[in-house]
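Now for the letters of each chain:
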Amino acid sequence: MQPRAVFEEFAAINAVPRPSKHEEKMIDYLRQWGERHGLTTKVDETGNVLISKPATPGMESRRKVVLQSHMDMVCDKLVDIDFNFDTDPIRTHIEGDWLTADGTTLGADDGIGCALELAILAADDIEHGPIECVFTRDEETGLSGAMGMKAGFMTGDYLINLDSEDEGQIFVSCAGGRNTTATFNYQTQEAPKGSFFIAAQLKGLLGGHSGDDIEKKRANAIKVLSRFLCQEMSRYGAKVQLCLLQSGKMHNAIPRDGRFVISVADDIKEQIKADWNIFQTQVEDEFHVSDPCMSWSMETTVPHPIIDPSVARRMIWSLQAVDNGVFAICQDEALGGMVETSSNVASVDTGRDKAVVVSSQRSNVMSNLDNICATVRAAYELAGADVVTGDGYPAWKMRPQSKLTQLVVDTYTELFGHAPIVRGIHAGLECGLFSERYPQMDMVSFGPTLRGVHTPDEKLLIPTVDMVWRHLLLILKRIPQRED
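Right, let's walk through the structure included here. This structure is a prediction, so every number in the text was calculated from the model and none was measured.

1. Concerning empty space enclosed by the protein
Rolled over the atoms, a probe as big as a water molecule pinpoints where empty space is left.
Step number 1: Across all of its chains, the model carries 4 cavities of 30 Å³ or more by this definition.
Step number 2: Taken as a whole, the largest cavity holds about 110 Å³ of empty space.
Step number 3: Asp-76, Gly-248, Lys-249, Met-250, Ala-253, Ile-254, Pro-255, Arg-256, Asp-257, Ala-346, His-454 and Thr-455 together form the lining of the largest cavity.
Step number 4: If you go around the second largest cavity, the residues you meet are Glu-167, Gly-168, Gln-169, Ile-170, Tyr-412, Phe-416, Phe-446, Gly-447, Met-467, Val-468 and His-471.
Step number 5: When contributions to the lining of the second largest cavity are tallied by element, the ones reaching two or more residues are strand 8 (169-174), helix 9 (403-416) and helix 11 (462-478).
Step number 6: The leading source of residues in the lining of the second largest cavity is helix 11, at 3 residues.
Step number 7: Looking at the lining of the second largest cavity, its residues break down into 6 nonpolar, 4 polar and 1 charged.

Set out below in structure tokens:
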């Protein structure tokens, strides 16, 4: 577990509850940490924290570097795990070269970036020019920390974002994104007399990050369940009525489980079960590579009120129709054929009088982001939903002739004997917003290897933390002089 200082900081961070939009304890922790170490610490009105460290002797004239991570984490857990993200510390363990958590997200996205920053701030044996370490809040559910940051809060020349998940890859561009929320209003009704009630559940999908993992063609629990419901409602008409549909938790995650409750006429109940078994076999065959561990169940349940049949039908039809997955591939050769534009149906929840469907759209080309948002919006509006598309966040455009990128590539090659991959990422990074507020700031993003982010399978490849640490220290040592 090297470097020890980084993992000690990470362990301390993981004892501090920090769900997105509820980072108050983490903000207090960082403020007290900076003050305890005698470093200038400030918190802006949004809740972002900046801790400054002066240059080591002889390096005062170097360009100022901003190291940046987000303090919040995605909170997801296995359904049978008893855990409260508002109070409980993350429980971690080691599996070979991987650090993981016990049935919950690990918080390495982006707690490990925060830990790297704190370890650098605490060190007294490394060479560096002036440093600003920035910790933004609420990156995962709206980038509101970066959005609320005013120009002038950061004063550096270079910015290194530590929120990437593939060691050996240097990111210089990211997608912009928006969320689209469709609301179906309805009144519930009593089920037809003689109805038989069936509850079904799908779980065990891999899910994953709706940007970084969208090209892996993993099953989406909402699309799978609504597909079955559309099939059965088309086949049996009014004999099948929807009572409940729930799936997905986070706007930026591919839903990995879900459930529905339907009322069915007594004379088709056995056929519904047979259809479910056939459907299960078909879907497992379709996704036998990407999702080999699907778990299916169907059983009788207690009576439920039904959703207005007209609204339920239109909602299910829209979920069948709405675009999901990869929409376009980047045409820019410099970005290596990565995903350019995508959409992910992230969550659906039927309540007493309304169903809310949230989806996220991403693109590295803002005009195509407009296009995919309009495509998704049209599907829901045709179904009679009230639709709102958020303002979202901008794409981060690659900077030609970036001096920081060249420095990062050169130092990596010197350390490890081969050049890193320089690429864009389909996920959103706060660099997109920073590039609007700080157009002269040169930026890159990199970090240690993570897998399964935004899911309880999240894990951190331990040896890559030391690689990123060594790389950061050499970059800081080689930062050039100011030209003024």
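2. Brief notes about the nonpolar core
Step number 1: With 58 residues, the main nonpolar core has Phe-135, Ile-160, Phe-446, Leu-460 and Leu-472 as its most contacted residues.
Step number 2: At 9 residues, helix 3 (residues 108-122) tops the list of elements feeding residues into this core.
Step number 3: Non-local contacts of Phe-135, meaning those with residues more than four positions away in its chain, are made with Leu-30, Asn-48, Val-49, Ile-51, Ser-69, Met-71, Cys-114, Glu-117 and Leu-118.
Step number 4: Membership of the second largest hydrophobic core comes to 49 residues, among which are Tyr-186, Val-345, Val-357 and Val-376.

3. Describing the pattern of salt bridges
Step number 1: By the definition in use, this model includes 27 salt bridges.
Step number 2: Between Asp-267 and Lys-239 there is a salt bridge whose closest N-O contact spans 2.8 Å. Taken as a pair, Asp-267 in the loop between strand 15 (258-265) and helix 6 (269-286) and Lys-239 in the loop between helix 5 (221-236) and strand 13 (240-247) lie far apart in primary sequence, 28 residues in all.
Step number 3: Here Asp-267 falls in the exposed class, since its relative accessible area comes to 57%.
Step number 4: We classify Lys-239 as partly exposed; its relative accessible area is 37%.
Step number 5: Salt-bridge contacts for Arg-377 lead to Glu-381; the nearest nitrogen and oxygen are separated by 2.9 Å. On the criterion of helical spacing, the pair formed by Arg-377 and Glu-381 is a turn pair, its members being 4 residues apart in helix 8 (residues 366-382).

4. Comments concerning the sheet that holds strand 5 (residues 98-101)
Step number 1: Strand order in the open sheet formed by 4 strands is 4-5-25-24, with antiparallel pairing between adjacent strands. If you trace the sheet from one side to the other, it starts and ends with strand 4 (92-95) and strand 24 (450-451), each paired once.
Step number 2: Sheet topology note: the strand 4/strand 5 ladder contains 4 bridges and is antiparallel. Within strand 5, the position partnered with Glu-95 by the bridge is Trp-98.

Parameters at a glance
- Residues numbered from 1 in each chain as written.
- Predicted model: local features only at pLDDT ≥ 70, side-chain atom pairs only at ≥ 80, totals over all residues.
- Heavy atoms only, no water.
- 1 Å grid on protein atoms, 1.4 Å probe; cavity = no way out; pocket = protein on both sides within 12 Å on 5 of 7 lines; lining within 4 Å.
- Points joined across faces, edges and corners; volume = space filled by probe spheres on them.
- Helix = DSSP H or I, 4+ residues; strand = E, 2+ residues; numbered from the N terminus.
- Nonpolar A, V, L, I, M, F, W, Y, C, P; charged D, E, K, R; others polar.
- Core = buried A, V, L, I, M, F, W, Y, C linked by side-chain atoms within 4.5 Å.
- Buried < 20%, exposed > 50% of the residue type's maximum accessible area, 1.4 Å probe, protein only.
- Contact = heavy atoms within 4.5 Å.
- Salt bridge = Lys/Arg side-chain N within 4 Å of Asp/Glu carboxyl O.
- Pairing = 2+ DSSP bridges.

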